[in-house]
Structure formats: structure tokens, C-alpha cells
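Descriptive analysis of the structure
Next come the chains, spelled out residue by residue.
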Amino acid sequence: MTDKPVSHNPLPNKERAKLPRQRVPEQDPCVRAHNFLEVNLGFPPEQARQESLRCIECPKPGCIEQCPVSVNVRAVIDLILAGDYLGAASKVREDNALPAITGRVCPVEDQCEAGCVLGKKGEPVGIAYLERFVADWERETGQFGSPVSAPPTGKKVGLIGSGPASLACAGDLIQMGHQVHVFEALHELGGVLVYGIPEFRLPKEIVHHEINVLRRRGVVFETNVVVGKTVTIDELVNDEGFDAIFIATGAGLPRFLNVPGEHFNGVYSANEFLTRVNLMRAYRFPEYDEPLYPCKDRDVIVVGGGNTAMDAVRSALRLGAKSASIYYRRTEKEMPARVEEVHHAKDEGVHFEMLVNPVEFFGDEKGNLTSVKCIRQELGEPDESGRRSPVPIKGSEFVVPCQVAIIAAGTSANPLIQSTTPGLAVTKRGYIQANDDTLATSKPGVFAGGDIVTGGATVILAMGAGRKAAKAIDAYLKGTPEPNVQEKASTVSAD
Amino acid sequence: MFEIVEARPLARNIKLFVIKAPRIAKKQKPGQFIIVRLDDSGERIPLTIADADPKAGTITICVQAIGKTTMLMNMLETGDSILDVVGPLGKPSEIEQFGTTVVVSGSVGTAMAYPTARELKRAGNKVVSIVGARSKDLLVLEDEVRAVSDETYVLTDDGTYGEKGLVTERLKKILESGKVDYVLAVGPIPMMRAVANLTGPLGIKTIVSLNSIMVDGTGMCGGCRVLVNNKSQFACVDGPDFDASEVNFDVLMQRNNMYREQERQSIELLQADPEAELRKLRESNEQHACALEAAMSEVTR
């Protein structure tokens, strides 16, 4: 639905659909494969306008329906056509606290752009590029249409973790007039946005900017606090006077393959590899102290098919790998990574090996990785996730040389908070149980959302959870709490 | 930012730091560690907590200069600041009434074993301490250890102080002369392995504190994984204390050597101009404090 009765689009609908989708300028693949600068360069204003002209202004916009935080895409596009970019940015911010980030990392082909009618016959409107355009314009011109906050309520909310769920929650809560205090275990704020997603996909400067915006609005951030170790949830509530808590600690422990040889030097979890490269800036060693096992002139394989795997393999390439390959146990069709990331990886020269699984790693006498034995697989019956499960083909083993192997096989729940918070119910896989609608946990006043509830998911879904929690926390603090987990539990967990 | 309220040399290349860290001081227990990052370009390294004063809000750590970060850290003085300190991390040491306990430590490992020895004594155990070092000038906290031990043996490899010999030789004599119920060994990997080889066949409960390479210290990266009972365990959250008889010391040693080449390179760069590196650290931390203040004081538009 739109709140703009008058359209700023001068073209008749028929002509709009004929316009080709604008190609976003990118760094040349041959160049970018050797640097950590951003790949997508973003639309200049004229291209943003051209792309906006393609919107046919559906009476029931599928793009809004399919957005996890229901950004009013249609109104945003019309504001772009009116030339009111700051207004467009404010419009996005009504529903999305981190537009410069989601405009870069959202899996739009499954969300807003999947809902675009144009996509049925041709290509959908480039909604993410437009969102990014208005957010970048706002930041680069130094303007910010800060929403006005409600009068102070005197209530204090503690947010655990500073990733996308927490940041979205913080933005809404501060606007509702509550005091917000964010605790982060690492030394830098942003969670997965800074330790996980590489610079070439999401420059850290953008994350810092969004955090500074929240800081200016009054959110207090405290780094170097591992809740569960440095302080417990109960201590925050009983000793430090927090009226409500939102747990958004993210993905947790890395999964390994549990095959022989995973302890050899050169075998990394994707979490560790990316943390060293991104958070610790190991790609700039020795200017930065944190070392990284060298990828230069070596064969690097990455096991997995998600966005994390793509981030790792493309980072390895930029670190000078002789070859950088994705080894995935299913086929390209089943890969959970965003289509754009897969395309980018291919353009840059990443090799894809489908339907294979490592069964053993080999090392030399010093314990340094030298090769990996894999087995080929075929797809069998669908598993619980609906995807066809891979079945090993007997006798198909083969050995390939590799000196660095990165395991991106997902994560499991980190028990740090669960094990130190009496009364907090968890699923059988250790994720925190939370009500689907309110994200209330079994412990009164304690809410939870994002990957620590759902298992590994996306930035935008975590942000959706953060906003949902803010609404429920506000209701709880005003004395109109919604039902908690005992009545309705969410036990969604990821593959 | 975490202020150093006291910095004092203890021995050659070993320095004691008292750091203002109220949250950690309040929560820490013997056996736990912190992770520090000196400045914006620093790496994250784990350091065992040697002592704490919850009232003063301070923790004490002892640092031996072996890599770039520890060398640079040991150039810091009272009044300097460390950018990041996080903890307490890891599981606390298991303190029970075991009976007769032997605490074996080597060099700076003594600072890590000391708080556990103290708690073992407090819990009613007989505590026999064996403190070793390569040479006299590497010995630390001897008086503190003596104060909490029923018997204390001090050894140096070169005989410059105490008995001449290895801690394991002394341990062997103790094991031969009477019943021992519990052994804790903290120090270089070869020493811990040698202790495990002595006590393992006798079935004596033996705990070692492992010094794996870590990044986050909360279980997120898995870099500190060690083979324990042939299964992968994370030293940061499952340890750092493990049953010595189950630890694969070869893999621990191999993984701790993983960045040897880079470590050498970093040390060379530091040693080329240590004063410049120290100045850079101090300037960077000062800038950091100013930037944060500026961000906080900006008014909402």
C-alpha cells in the first residue's frame, strides 16, 4: 500500500516494463580479485532514477509483502523519482534501521525482488540497489533524518550482542523512549557485520557509521563484556537494574566435519578464518599484528555452499591463493548462498566442485596440511530441510592437494548464556526457546532473537527479530506483556 | 580502555601488571584467563589471571616477553593503558579436597599455578609446590608460593639457585616417597608432557593448563582446539584445564607453532625500533579515547 496518491513516474505502465534493468557498476573482476575494496560501486543518481522508473506501482506491492521488515518500497521509489533522496532514506528508516547494510547483504532474490511483478516475465526492479543508493546518499552528504524519540520512560533495557538483531532492536527501543545499553563480547561493535562479512562486501566504515548514529541517539555501547562470563543475565537484572533483556548473541560455535586430520595447521573454521581476516585485519599483516596461515600461492578449498563459504573463498582469492575452490556436498541449485555472491565468485575465478565431501585431511611431518581426500556424492531422497540429501558413491574417492582448508559447514548454539541463566528454556539443540510472536523466553522480562533462536540465518531476518522484540519489550515495560514461551514455543532451527 | 595501576619487573623478561578491570576482578576464579589487545592494530592474546582484588577492582597478571605482543606489553609502565581486556574466560580450576596435591610449575607458569595452589590449600589439601626455571633470574613468586605451600622445592636447570635439575626429577622422588592424590602442572609443553608421562602410569589425577593460540576466547572460532581423548575440544571454553592423560601434546605443540614465521617477522619489526612502536601504541590509545569521547558528546540532531 502506498501513502502517495500522486505518482512522480511520468511514464505509462507499458513503457516502464520495457525499460531494461540497470546494471550496477562493479570493480572489474580481474582487479577486485586482488583487493579488499568494495565490489559493487552502487548507482549514481541518474541510474537510480532510471531503475526507479521501471516500478509499475502495483496496488498490492509484493515487494513490501516479501520484505521481512516490510519496508515501504513503493513509497521509497516514488520519493526517489521526486528527487527527495533524504525523504526516501527516512522512509526506509521507518522500518529498517540499517539500510546501507541491508542494501548490500540482503538475499533480495528470495525477498523483495522475488515479490516484484516484473520478475515474472523479465527482471525485477533492483530494489536493494535503490535502498543502498538512498542510504549512501544520506551518509555521504552528511545528512540524517533522525526520527524523533518518545519522552523518556525511565526503563532500562540490556541488549546482549551488537549484531544486526541488537542494532535494529536498539534503534526502535531508543525511539520508544527507553534507555538502551548494548553489551558486546568482542572489542569491536557490529557482530557478524564486522567479524564475518568481508570488507569487499560490506565496508566496516558503513557499520561504524550506523553505530555512531545510534550512539548519537543515546544508545550506550559497552565492549569486552562476555555475558555469561563477565556478568550474568541475573546480575544485570538484580544488581544493575535492567528492566528487560534482549539476548541476540548470534551464531555461536563452528561446526567441523569430524573427519581425521582436522587438527592439521591450515585447517580453519570459516568463523576463525573470517574473524582473523575481517575483525583482526590479518590481510594487512604485519601492519596489524594478528597472523594468518598464508594463502598466497597456495591451493585453498572451502567446504560449504552458503554466504559464509563465498565470503571465505573470495577472501582467500584476494589473499593471493593460487587456486580457490568451493567444495559443496550438494549441487549448485541447493547452495544457500545468494545468487549474486555465487556470480561474483565465479567472475573472480573461484572454482566450484559440486557433489563432493572431504573424508580425510593429510599433513606433512610438521603437521602442515598438504592434501584432502574427498568422496563424490549423488542426490538421494529429500531430508527434513526439503533438500535432497547427498549419498556417497562407493569407490569414488580422490585426493587433491591443498594447503589451506576452510570449513564453512554451519554453526551450533554457543551455551555461554544458556548455561549461566537459570530458568531459560532451550531447544534440544541448545538454541534459546522464544515465542514466535513476541520473542519472549521462559524467563520473565528476558527476550531472545536472531541466530541464537533460529540457528544461522540472514542479517535481515535477525533485524526483523530485533524489531519484533523491541515491540514486545515496549509492551512488557508498559505493563501489557504478551504470552511467554510456555504457551507457544518456537523451535525453528537451521540445517 | 583499561588502566595499568602498577607495572613492576619480576624477573628477566617477566613483568607483573595490576590492571583496573572491575567487572573481571569481581567474577574471576583461579584458573581463568583474560584476553588482551594492546591497541588498535594489536592481536588478541590470552593471559592467565594471577590474582585479583575485587574491592579495588583490579586484576594481576604476569607476562613473559616471548612474542611481539608480550614484548611490547612489557615495555608498558604504571599509568599506561591497554585498549581491550576481556574476561574472565575459561572454566575455573576444579578445587576439591583431594588430599596430597603437588603443584608443578615452570617459569612464568608459576604465576598461573599460584592462585590454584592457594585455593587448594584453602580447601584443606596438603600442597607440595615444585617451582622450576631455567635460571635464577627467571624465577617468579617464590615467596608467594612458599606462603601457601606445606613444602616447596625450587629448582633451576643450571643450578644458579635452589636444587640443580628438572622439576620432573623432583616430582619423581616425591611420587616414590609417598602417596599423591592430585598433580597440577603449568608451564612449557615438554614439561607438562613429562609430568603426564610420570603420573599417568600411576593413575594419579593430573591436570594441565593449556596455552593454545586463541582469537575470541568464547568458543566462536575454534582456533584453540586441542585433541583430548582423541576428540576435538576448545581450550577457551572446555578448558584451559584438561586431564593430562588425555591430552595430545604433539598436536598442541604443532598447532602452537602454526604462526612461527609470522611471529618471527613481527618480532623483527618491533626490535628494529621498539621505542617507536611504544610511542605508536600510546598515541593510538590516546586517540581512541578522544574519538570515543567525541562520539559520545555529539548532540542528537
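Given the structure is predicted, the values throughout are model-derived calculations rather than measurements.

What follows is about the overall build of chain A. Within chain A, the regular secondary structure consists of 19 helices and 16 strands. For a compact globule of 495 residues, the expected C-alpha radius of gyration is about 23 Å, and chain A comes in at 23 Å, within 12% of that figure. Taking the principal axes of its C-alpha atoms as reference, chain A extends roughly 65 × 60 × 50 Å. Residues counted as buried form 62% of the 495 residues belonging to chain A. When contacts within chain A are restricted to residue pairs at least 6 apart in sequence, long-range pairs at least 24 apart make up 70% of them. With an accessible surface of roughly 18,800 Å², chain A has 53% of that area assigned to carbon and sulfur atoms. Averaging the coordinates of the 54 positive side-chain charges in chain A and doing the same for the 63 negative ones gives two points 3 Å apart.

Right, let's talk about the sheet that holds strand β13 (residues 205-209) of chain B for a bit. All names here are of chain B. The seven strands are arranged β11-β10-β9-β8-β12-β13-β16 in an open sheet whose pairing can be described as mixed. With one partner strand each, in any of the chains shown, β11 (163-164) and β16 (241-243) form the two edges of the open sheet. Relative to strand β12 (residues 182-186), strand β8 (residues 100-106) is paired through five bridges, and the arrangement is parallel. Each bridged residue has a counterpart across the sheet, and for Val 103 the counterpart in β12 is Leu 184.

Here we come to the side chain of Ser442(A). Residue and element names in this part refer to chain A. Of note, Ser 442 is situated in the loop between β15 (411-412) and β16 (446-448). A polar contact of 2.6 Å, which involves the side chain of Ser 442, links it to the backbone oxygen of Gly 423. Only 2.7 Å separates the side chain of Ser 442 from the backbone nitrogen of Ala 425, close enough to count as a polar contact.

All right, on to the nonpolar core then. A general feature of soluble globular proteins is that nonpolar side chains tend to end up buried together. In this structure, Ile101(A), Leu159(A), Ile160(A), Val227(A), Phe246(A), Ile247(A) and Ile473(A) are the most contacted members of the largest nonpolar core, which totals 103 residues. The greatest single-element share of this core, amounting to ten residues, is contributed by helix α19 (residues 459-477) of chain A. Membership of the second largest hydrophobic core comes to 56 residues, among which are Cys374(A), Val180(B), Ile189(B) and Ile204(B).

Another point: the interface of chain B and chain A. On the chain A side, the residues contacting the 50 residues of chain B number 52 residues. Taking both sides of the interface into account, the surface hidden between chain B and chain A amounts to around 4,400 Å²; carbon and sulfur atoms contribute 53%. Applying the counting criterion to the chain B and chain A interface returns four salt bridges. With a shortest N-O distance of 2.9 Å, Glu222(A) and Arg23(B) are connected by a salt bridge. If you look at where chain B meets chain A, you find 24 residue pairs in polar contact (both at pLDDT 80 or more).

It is worth spelling out the confidence of the model for chain A at this point. Summarising the model, chain A shows a mean pLDDT of 91, and 95% of its residues fall at 70 or more. This stretch, residues 485-495 of chain A, has a pLDDT under 50; its non-local contacts, to residues over four places away or in other chains, come to 34 contacts.

The next subject is unusual backbone geometry. Negative phi characterises most residues that are not glycine, and trans characterises most peptide bonds. Residue and element names in this part refer to chain A. Here the amide bond leading from Phe 285 into Pro 286 is cis, since omega sits at 5 degrees, within 30 degrees of zero. Examined against the element boundaries, Pro 286 turns out to sit in the loop between α15 (270-279) and β7 (299-303). Not every positive phi belongs to a glycine, and Asp 297 is a case in point at roughly 60 degrees. Examined against the element boundaries, Asp 297 turns out to sit in the loop between α15 and β7.

Another aspect to go through is the sheet that holds strand β6 (residues 267-269) of chain A. Residue and element names in this part refer to chain A. Strands sit in the order β6-β14-β7-β8-β9 across an open sheet of five strands; the sheet is parallel. If you trace the sheet from one side to the other, it starts and ends with β6 and β9 (351-354), each paired once. The average undirected angle you get between the axes of adjacent strands in this sheet is 20 degrees. Its contacts with the sheet place α15 against β6 and β14 (404-407), and it is angled at close to 85 degrees to β6.

Turning our eyes to something else, we now look at helix α6 (residues 189-199) of chain B. When α6(B) is considered as a whole, its buried residues turn out to be Ile189(B), Met191(B), Met192(B), Val195(B), Ala196(B) and Thr199(B). One side of α6(B) holds all its buried residues, which, seen down the axis, span an arc of 165 degrees.

This brings us to the packing of α6(B) against helix α7 (residues 249-256) of chain B. Helix-helix packing: each pair is described by the crossing angle between the helix axes and the interaxial distance. Residue and element names in this part refer to chain B. Relative orientation of the contacting elements α6 and α7 amounts to 175 degrees, with a least axis distance of 10 Å. Taken together, the axis directions place α6 and α7 in an arrangement best described as roughly antiparallel. Residues Ile 189, Pro 190, Met 192, Arg 193 and Ala 196 of α6 form the contact with α7, whose own contacting residues are Phe 249, Asp 250, Leu 252, Met 253 and Asn 256.

Here the focus is the pairing of strand β1 (residues 2-11) of chain B. All names here are of chain B. As defined by bridge partners, β1 adjoins strand β6 (residues 81-82) across two bridges and the pair is classed as antiparallel. Counterpart to Phe 2 in the pairing with β6 is Ile 82. Relative to strand β2 (residues 14-20), β1 runs antiparallel, the two sharing six bridges. Residue pairing in the sheet places Glu 6 in a bridge with Val 18 of β2. Taking the residues between adjacent antiparallel strands as the criterion, β1 and β2 are bridged by two residues, where Asn 13 takes a positive phi near 65 degrees.

Rules behind the numbers
Residues numbered from 1 in each chain as written. Chains lettered and ligands numbered in written order. Predicted model: local features only at pLDDT ≥ 70, side-chain atom pairs only at ≥ 80, totals over all residues. Heavy atoms only, no water. Helix = DSSP H or I, 4+ residues; strand = E, 2+ residues; numbered from the N terminus. Rg over C-alpha atoms; globule rule 2.2 N^0.38 Å. Buried < 20%, exposed > 50% of the residue type's maximum accessible area, 1.4 Å probe, protein only. Contact = heavy atoms within 4.5 Å. Areas by Shrake-Rupley, 256 points an atom, 1.4 Å probe, with all protein chains shown as cover. Lys, Arg positive; Asp, Glu negative; His and termini not counted. Charge placed at Lys NZ, Arg CZ, Asp CG, Glu CD. Pairing = 2+ DSSP bridges. Polar contact = N/O pair within 3.5 Å; in protein donor to acceptor, adjacent residues only side chain to side chain. Core = buried A, V, L, I, M, F, W, Y, C linked by side-chain atoms within 4.5 Å. Buried area = accessible area lost by both parts, 1.4 Å probe. Salt bridge = Lys/Arg side-chain N within 4 Å of Asp/Glu carboxyl O. pLDDT = per-residue confidence, 0-100. Axes fitted to C-alpha atoms, helices over the stretch in contact; angles between N-to-C directions. Arc of directions from axis to C-beta. Parallel < 35°, antiparallel > 145°, perpendicular 65-115°, else oblique.

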